[in-house]
Amino acid sequence: MGVRPPQDDADEPESLAFGIAALAERLDRANVSYPIGSAELVRVLDDPEIPCDPAGNGLALSTALDRAEQERFDSADELHDALHPVFERHRRSSSTGILGRLRSLF
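Here goes a summary of the coordinates provided.

Scoring rules and cut-offs
Residues numbered from 1 in each chain as written. Predicted model: local features only at pLDDT ≥ 70, side-chain atom pairs only at ≥ 80, totals over all residues. Heavy atoms only, no water. Helix = DSSP H or I, 4+ residues; strand = E, 2+ residues; numbered from the N terminus. Buried < 20%, exposed > 50% of the residue type's maximum accessible area, 1.4 Å probe, protein only. Contact = heavy atoms within 4.5 Å. Core = buried A, V, L, I, M, F, W, Y, C linked by side-chain atoms within 4.5 Å.

### Quick look at the side chain of histidine 80
You can see histidine 80 is positioned in helix α4 (residues 76–94). Histidine 80 gets classed as buried once you look at its relative accessible area, which sits at 18%. Setting aside anything within four residues of it in sequence, one finds histidine 80 in contact with Ile20, Ala24 and Leu27.

Now the structure itself:
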């Protein structure tokens, strides 16, 4: 998922990625090869905090992998499939305020 930032600064990225999209960007930059284990992935990426929503709420990659309860990933798709529900649960649980609560109902 992603959202466009305000367009007042040309140095800013085209969009702000969060969840799986943010993780995918990091994986692409690190040129991760598969299969890969959870511990090696955390080491290679230096355990980044992955933003889970536009408000900046994040989750450490190591925590997300612990919650996914899978130790090895044979492909990027398998990694994304395992972590997507983890990031979504975290996003829903960290939504605050009236709008966040309304979004979580739907």
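### A closer look at the nonpolar core
One finds Leu23, Leu41, Leu61, Leu65, Leu79, Leu83 and Phe87 to be the most contacted residues of the largest nonpolar core, which totals 23 residues. Secondary structure elements with two or more residues in this core: α1 (20–30), α2 (38–45), α3 (61–68) and α4. Broken down by element, the residue count for this core peaks at five residues, all from α4. Once you skip the residues sitting within four places of it in the chain, phenylalanine 87 turns out to touch Gly19, Ile20, Leu23, Ile50, Cys52, Leu59 and Ala64.

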